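# Summary of structural features
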Amino acid sequence: MGQVLLKSVRKSFGSAEVIPDLSLAIPDGSFTVLVGPSGCGKSTILRMIAGLEDVSSGTIKINDRDVTYREPSQRGIAMVFQSYALYPHMTVAENIGFGMILAKRPKAEINKRVGEAAAILRLEHLLDRKPKQLSGGQRQRVAIGRAITRDPQVFLFDEPLSNLDASLRGQMRVELAELHSKIGATMIYVTHDQVEAMTMADQIVVLNNGRIEQQGMPMELYIAPKTRFVAGFIGAPSMNFFEGSIASQHDCDALGVRPEHIGLRDDDGDLTGRIRHAEQLGSDTIIYVHHDDYGQITVRAEGNRVLDIGSTVHLTLPAEHLHRFRNGFRIQD
Amino acid sequence: MPAQRLAKLSLDYLLLAWIALVFVFPVVFMVMSSFKSDLQLLRDSASLRAFLPVGDLSFDNYAKAFQRAPIGLFILNSVFITAVTVCVSLLLASLAAFSFVFLQWVGRSVLMAAVLATFIVPFETIAVPLLLIVNNLPWIGLDGFKTSWLNSYQVQIVPFIADALTIFLFVQYFKDLPKELVEAARIDGATWFQVYRRVVMPLSGPVLATAAILKFLMMYNNQLLWPIMVVQEESYRPVMLGLQYFFQLNTAWGEIMAYLTIITVPVLAFYLVLQKAFIASIASTGIKG
């Protein structure tokens, strides 16, 4: 129903080429997250799918229908914006039903559909309010409600949670995941937050400079990142990279180890360093160790560790968790 | 409140009161003088009595002013010309600005620059060519076909509908509206005109008030040079031309002041109606509207 295909899509703004040549298949019913650093082109891709940005060349198909030059409203999509983009002069009900009001649908049908969306999102008691009378989370739900009433084949989310505080963000992540499993439509979600990507997606597309670095399931990207960029981007805290002699010993030019895979020893280890700083998160402790040759090494230790700043520690790098890279690409074992 | 802060606050208020008085004094002078005879008016003008309701006050000047000129007709003409110009101007300027800001078309930035460049062209430089044009323009109205626009309402309205300042005000305001609102409406299935009518304009109250007041003042107060050139018949004259009636034979200053007081009423009324929105928009964004 809602498969999205991008074929050889290019996008330039004047002389600046933002998307050089991109082909991407987003399966029907999937929750696909486009993730990457600021300026990598992820929002541009989403806006091209939405029809808010013209492609310079290439084709976009939704459900096997070429929509490259179709109006946004004729693509079978709905979009939720970072700023929510609620119409300030309309009530919640009018915001949710605006598309149907424009389409001159019968009033009874509009009320029914608005009511259904409001029920899904627990907005029934807020229908007569204006957006300025709502909290951030409620506004976000109204924006999602507006998308639901369009009954789209594809939902597009452009960093929808970035204006919310941390606890609300966590709650909305769960609600969005539930919404996806409830309505089963294809969802394409743009974020720069790799935690959101890992927790919500069934497919992640990592972008860098307008190109796809890697596409796959979250754990696939975590366990076997194809490039050094993906390895550094996916996972928090970021993967540690060692160059020089230790990398040469493993026949690569960069050796990667995730902070949670590094072992801490008092007596002996592969590397020895000095503790600079430790962050106690309750469940984990993030330890920043300084090594004379490799600089800062981040270690994630389970539990609440009380450590002496400045003391010496030994680090072990388990062979089964080493990622080897040459020229930025993974060396397959 | 510390004494130093109190002193500073008092000084600020004194300064503001002084500035307010400077602006109010001419109006007070006009209103007070309109109730005085010419002799008393000239005698008082050398002292502060000119601003005070003292001496022999009466409505004689108002009665005489109404006898000397058809004031009702002039006010009606001015209000009609101004109201039509303001309404059509707000509609066209907002549509033009919408096109400049939200639509993508070749040459829009060049045309926008050209429109803004007309800012620097004084009306006096185009008055004569404009006169030649309107003199030869045909018109079909309720009274049949005419070969010229002279002596009509439209000659006082049409040339002033589009102006760079009003378009500029709308452009600046529209640029500050969140683009996502327009994009959301496009995704919701709104046509460009529906975006304009149902999303952008309902959010444009402040700029509408500002543009309306500025345009109203521009039209109502500046109807002098152009009407002199294009209107000879009394039935189409605006209030400013009516002033001529009071400078013929003997100049009656009291009647002039009464006339000016009367014709100021529509301006004050219009300003008071839109004052809140006007001040809000100026205070929040300066020139942007």
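For clarity, every value in this text was computed on a predicted model and none was experimentally measured.

### What about the layout of surface pockets?
In this structure, the largest pocket occupies an estimated 810 Å³ of space. Considering the residues around the largest pocket, the lining is formed by 27 residues, among which B:V121, B:F123, B:F160, B:D163 and B:M218 are closest to the centre. Elements represented by at least two residues in the lining of the largest pocket include exactly helix 6 (123-135), helix 8 (164-176), helix 11 (205-221) and helix 12 (225-230) of chain B. Top contributing element to the lining of the largest pocket by residue count: helix 6 of chain B, with four residues. Looking at the lining of the largest pocket, its residues break down into 20 nonpolar, four polar and three charged. Within this model, the second largest pocket holds a volume of roughly 690 Å³. Along the walls of the second largest pocket sit 23 residues, with A:G51, A:L52, A:E53, B:Q104 and B:W192 positioned nearest its centre. Elements that contribute at least two residues to the lining of the second largest pocket include exactly strand 1 (4-13) of chain A together with helix 4 (71-102) and helix 9 (179-187) of chain B. Residues belonging to the lining of the second largest pocket are distributed by class as follows: nine nonpolar, four polar and ten charged.

### Quick word on the pairing of strand 7 (residues 154-158) of chain A
All names here are of chain A. Burial within strand 7 is extensive, with five of its five residues counted as buried. In strand 7, alternate side chains face the same way, and those of V154, L156 and D158 on one face and F155 and F157 on the other are all buried. As defined by bridge partners, strand 6 (residues 77-80) adjoins strand 7 across four bridges and the pair is classed as parallel. When the bridges of strand 7 are listed, V80 appears paired with F157. Of the strand pairs in this sheet, strand 7 and strand 8 (residues 186-191) are connected by five bridges, and their pairing is parallel. When the bridges of strand 8 are listed, L156 appears paired with I188.

### Concerning the packing of aromatic side chains
Taken as a whole and judged by the stated rule, the model has 31 aromatic pairs over all chains. A centroid spacing of 5.7 Å and a plane angle of 40° characterise the contact between A:F31 and A:Y189, whose relative ring orientation is tilted. In this pair, A:F31 sits in strand 3 (residues 31-35) while A:Y189 sits in strand 8, placing the two residues 158 residues apart along the sequence. The two residues A:F31 and A:Y189 agree in class, both being buried. The rings of B:F98, B:F102, B:F170, B:F174, B:W192, B:F193 and B:Y196 are connected pair by pair, giving a single aromatic cluster. One Lys or Arg, A:K11, reaches over the ring of A:F13 and ends 4.8 Å from the middle of that ring. Here A:R228 stacks its cationic end above the ring of A:F241, 4.5 Å away from the centre of that ring.

### Details of empty space enclosed by the protein
This model, assessed by the stated rule, comprises one cavity of 30 Å³ or more. What the largest cavity holds in volume is close to 60 Å³. Lining the largest cavity are A:A78, A:M79, A:F81, A:R146, A:A147, A:R150, B:A184, B:I187 and B:D188. Contributing elements (two or more residues each) for the lining of the largest cavity: strand 6 and helix 4 (136-149) of chain A together with helix 9 of chain B. Class assignment of the residues belonging to the lining of the largest cavity gives a composition of six nonpolar, no polar and three charged.

Thresholds applied
- Residues numbered from 1 in each chain as written.
- Chains lettered and ligands numbered in written order.
- Predicted model: local features only at pLDDT ≥ 70, side-chain atom pairs only at ≥ 80, totals over all residues.
- Heavy atoms only, no water.
- 1 Å grid on protein atoms, 1.4 Å probe; cavity = no way out; pocket = protein on both sides within 12 Å on 5 of 7 lines; lining within 4 Å.
- Points joined across faces, edges and corners; volume = space filled by probe spheres on them.
- Helix = DSSP H or I, 4+ residues; strand = E, 2+ residues; numbered from the N terminus.
- Nonpolar A, V, L, I, M, F, W, Y, C, P; charged D, E, K, R; others polar.
- Buried < 20%, exposed > 50% of the residue type's maximum accessible area, 1.4 Å probe, protein only.
- Pairing = 2+ DSSP bridges.
- Phe/Tyr/Trp six-rings, centres within 6.5 Å; stacked < 30°, edge-to-face > 60°.
- Lys NZ or Arg CZ within 6 Å of the ring centre and 35° of its normal.

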